[in-house]
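Take a look at the letters that make up each chain.
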Amino acid sequence: MTTRRNSAALLASAGILATGWSIGTAHGQTLTTTVPATSTTSGTTAGAASGTTSGATTYTGTRQSDRWGSLQVTITVASGKITNVTYTTTAGDGKSLSIEARATPTLKSEVLAAQSAQVSTVSGATYTSTKYLTSLQSAIDQMG
Amino acid sequence: MTTSTLTDSPRPAVATAVSGLTADAAGSAGVACAAGAPDAGVLSRLGAFYRAQSARRERRHDLLTIGGWSLVATSIALYLADGGITRFATLGGAVTAIGIITGLVATALMCLMLVLTARVPVIDRTLGQDRATTLHAQLGRGMVFGLLAHGAFLMAGYALEGKTTPVATLLDLWRTSTDFIWACVALLMFAGVGISSMVALRRKYPYEVWMGIHLTTYAAIVASLPHQFSMSGLFAEGTLARAFWIAMFLATAGVMLAFRVIAPIIATFTHRLTVSRVVPVGPDAVTIEMTGRNLDALEARGGHWLQWRFLTPALALQPHPFSLSADPTDSTLRITVRNLGAGSARLAALQPGTKVAVEGPYGMFTDASRTRERVVLVGAGIGIAPVRALLESTRFAPGDAAVILRASTPDELYLLDEVRALCATKGASLQVLVGPRAGASWVPRSYAGAHLTDLVPWATDADLYVCGPEAWMDAVLRNADECGIPALQIHDERFAW
């Protein structure tokens with residue numbers, strides 16, 4: 001009786017785990033593009049300068065990752081001046097997203113004012129600030 | 001001093017067989033059966049009924065087991081479905097993944113634990129409350145270790161991934177996340193509850209202290225909630241996993257609220273139980289009779305126990321688990337209680353008219369766990385009370401039931417006259433064993449070496465019900481095992497009364 005019961009339970013559990021596994025690997029491709037986050041330790045994705053449009057050039061910095069996700073900064077440069085900073089994030093949880101949403105406008109305005117990555121980090125958003133400014137620095141480095 | 005009450009039976013024939021125990025063990029069965037002459041039709045009908053009842057219970061047990069395991073498996077599957085498997089590519093990632101999985105499993109176990117003690121009728125009718133509580137404690141150990149591993153593995157994993165130390169990681173998180181601080185507080189509380197509920201410690205604390213420590217669990221659960229949703233990407237807003245996790249918590253809370261709070265309140269107000277009489281029935285023991293309305297709706301049977309709360313200033317805060325000592329009627333309930341704890345001592349002073357709040361009925365020490373047409377009831381001391389109620393309520397053909405009562409002194413054979421009368425009316429044999437126990441055996445010295453099957457030769461093909469002091473009960477169960485009585489046929493109820 002007990003053996004029958006336990007083997008049934010074991011079988012059911014194995015089925016559930018296998019289902020989870022197969023869903024996980026089926027989404028594997030999409031996941032690695034949206035969340036390369038954690039398996040790549042610290043930012044290794046090479047940054048790249050992309051298109052020049054009407055005198056403005058965009059430079060994309062390296063992707064910076066930590067346990068909450070990865071963040072990549074793109075700057076727009078016109079006549080040698082940084083005119084805009086945008087970023088993409090893979091943070092999946094509400095808390096990280098809200099921290100980023102709070103910190104990045106401050107970082108952006110400081111960067112535009114200082115025209116460099118040498119600005120102070122936003123308190124309570126140390127991780128976000130570090131990722132943001134490191135990626136930014138690599139984009140600035142590409143300006144040459 | 002004991003030989004005069006050694007055997008005590010309404011039937012001289014059985015008494016003779018018992019006296020000549022070792023020489024003529026098989027004789028007692030022959031005499032009992034001949035005296036009862038069971039109708040073959042009744043026997044097979046009852047036998048088929050109880051076998052079918054037992055099969056249904058086994059099926060419920062199967063489903064509950066599968067359900068429990070499935071919940072734990074699902075908690076891991078959620079992580080795998082989220083691509084968690086890719087984490088195992090690096091050492092740091094793998095350690096982190098193990099940390100996340102242990103946290104998920106521990107949380108699933110926590111919900112199972114709570115449901116096990118929520119007194120859900122289907123769980124009570126399948127496992128019995130005492131088995132459910134034992135399982136609760138076992139899962140509790142697993143949960144506490146799971147949570148400690150969750151914390152340790154995550155700190156180590158994060159440290160490996162971030163190329164820093166676990167302590168630095170912890171301090172970092174402590175500074176940046178309030179939810180993390182709450183999670184740490186929750187972990188400490190869970191560990192505290194786990195340690196304090198270990199059996200050895202539990203005995204030392206009064207009931208209220210132990211209860212208070214357990215209530216800390218609810219605070220710990222609440223404290224642990226925010227970080228599960230904010231710090232793990234797994235349960236991010238809009239994900240199916242989040243919906244599942246929230247549903248799991250809500251279902252657990254709902255079940256607890258329904259069966260531990262709402263149902264008892266409704267029962268108390270519906271039945272309006274009132275103490276009608278308190279009668280002394282032997283050394284330190286009283287029978288408390290209560291009247292109420294529409295008690296059939298409680299569906300209490302002989303052998304059930306309930307949580308009783310006598311609404312006097314001194315007793316209202318202390319629920320007591322006591323077994324019924326008689327089969328209930330639509331308007332009366334009866335318990336027989338021995339004074340053991342300080343709370344029990346006050347029960348003797350209860351005044352008629354005292355209102356009573358009840359939770360229950362609970363337990364599988366009833367007709368509902370029968371698997372065979374024959375039945376053996378064994379009770380010792382105040383454990384005779386539920387045996388007497390079960391004897392009254394359970395069905396058997398005359399000659400198919402044997403009752404064995406035991407006590408150290410004749411005074412402690414509570415309700416003996418009532419049991420004797422019931423045995424005579426229903427056709428059960430009665431054997432009374434009095435005297436100090438023979439070593440670790442469950443029988444008195446004058447019976448040293450006697451086995452259950454010596455007293456009741458057909459015991460291996462019967463249901464065995466045992467109720468009495470813990471150590472004595474263990475001895476009976478050991479002997480039942482030695483006699484080859486299948487575990488499925490053995491029923492015992494364990495709680496301190």
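Rules of the game
- Residues numbered from 1 in each chain as written.
- Chains lettered and ligands numbered in written order.
- Predicted model: local features only at pLDDT ≥ 70, side-chain atom pairs only at ≥ 80, totals over all residues.
- Heavy atoms only, no water.
- Buried < 20%, exposed > 50% of the residue type's maximum accessible area, 1.4 Å probe, protein only.
- Helix = DSSP H or I, 4+ residues; strand = E, 2+ residues; numbered from the N terminus.
- Pairing = 2+ DSSP bridges.
- Domains from an automatic or database assignment.
- Contact = heavy atoms within 4.5 Å.
- Buried area = accessible area lost by both parts, 1.4 Å probe.
- Salt bridge = Lys/Arg side-chain N within 4 Å of Asp/Glu carboxyl O.
- Polar contact = N/O pair within 3.5 Å; in protein donor to acceptor, adjacent residues only side chain to side chain.
- Nonpolar A, V, L, I, M, F, W, Y, C, P; charged D, E, K, R; others polar.
- Axes fitted to C-alpha atoms, helices over the stretch in contact; angles between N-to-C directions.
- Core = buried A, V, L, I, M, F, W, Y, C linked by side-chain atoms within 4.5 Å.

Undergrad: Tell me about the pairing of strand E10 (residues 462–467) of chain B, and please be specific about residues and values.
TA: Residues and elements named next belong to chain B. Across the six residues that make up E10, a large majority, six, are buried. In terms of strand pairing, strand E7 (residues 374–380) meets E10 through six bridges, oriented parallel. Counted as the bridge partner of Arg 374 is Ala 462 from E10. Bridging between E10 and strand E11 (residues 490–492) involves three bridges; their strand directions are parallel. Bridged to Val 466 within E11 is Asp 492.

Undergrad: Tell me about the domain arrangement of chain B, and name the residues and values.
TA: Residue and element names in this part refer to chain B. We note that the domain assignment places domain 1 (3–37 + 366–492), domain 2 (55–177 + 231–266) and domain 3 (274–362) within chain B. Using C-alpha coordinates to define each centre, domain 2 is positioned 38 Å away from domain 3. At the interface, five residues of domain 2 touch six residues of domain 3. Summing the contributions of domain 2 and of domain 3, the shared interface buries around 470 Å²; its carbon and sulfur component is 50%. Of all residues in domain 2, Arg 119, Asp 124 and Pro 264 bury the most surface against domain 3, accounting for 77% of the area lost on that side. Where domain 2 touches domain 3, the interface holds one salt bridge. Between Arg 119 and Glu 359 there is a salt bridge, with the nearest N and O atoms lying 3.2 Å from each other. Our count for the domain 2 to domain 3 interface comes out at one residue pair in polar contact (both at pLDDT 80 or more). When the residues that make up the side of domain 2 that touches domain 3 are grouped by side-chain class, the tally is one nonpolar, one polar and three charged.

Undergrad: Go over unusual backbone geometry with me, naming the residues and quoting the values.
TA: Residue and element names in this part refer to chain B. Backbone torsion omega between Gly 360 and Pro 361 reads 0 degrees, so that peptide bond is classified as cis. Secondary-structure assignment places Pro 361 in strand E6 (residues 355–362). With phi around 60 degrees, Arg 119 is a residue other than glycine that occupies positive phi space. Structurally, the position occupied by Arg 119 is in the loop between helix H4 (91–116) and helix H5 (121–126). Given a relative accessible area of 11%, Arg 119 falls into the buried group.

Undergrad: Kindly report on the interface of chain A and chain B, identifying the contributing residues and their values.
TA: Opposite the 26 residues of chain A that make contact, chain B presents 33 residues. Across the chain A/chain B interface, buried area totals approximately 2700 Å², and carbon plus sulfur atoms make up 64% of it. Seen at the junction of chain A and chain B, the total is three salt bridges. Here Arg 5 of chain A makes a salt bridge to Glu 58 of chain B, at a shortest N to O gap of 3.1 Å. Where chain A meets chain B, there are six residue pairs in polar contact (both at pLDDT 80 or more).

Undergrad: Could you give an account of the sheet that holds strand E5 (residues 332–338) of chain B, naming the residues involved and the relevant values?
TA: All names here are of chain B. One open sheet holds the six strands; their spatial order is E4-E3-E6-E1-E2-E5, and the pairing between them is antiparallel. For this open sheet the edge positions go to strand E4 (320–323) and E5, each flanked by a neighbour on one side alone. Geometrically, the sheet is characterised by an average inter-axis angle of 35 degrees between neighbouring strands, direction not taken into account. Two elements, strand E1 (residues 273–282) and E6, share two bridges in a ladder whose sense is antiparallel. Among the inter-strand pairings, Leu 273 is bridged to a residue of E6, identified as Val 356. Running at roughly 125 degrees to E6, helix H11 (residues 240–271) makes contact with E1 and E6 of the sheet.

Undergrad: Explain the nonpolar core to me, and be specific about the residues and the numbers.
TA: All names here are of chain B. Ranked by size, the top nonpolar core spans 48 residues in total, and within it Met 143, Phe 190, Phe 235 and Trp 245 carry the most contacts. Of all the secondary-structure elements, those providing two or more residues to this core are helix H3 (40–81), H4, helix H6 (129–162), helix H8 (178–196), helix H10 (207–230) and H11. A per-element tally of this core places H4 first, with 13 residues. Listed in part, the 27 residues of the second largest apolar core include Leu 433, Val 456, Ala 459 and Met 473.

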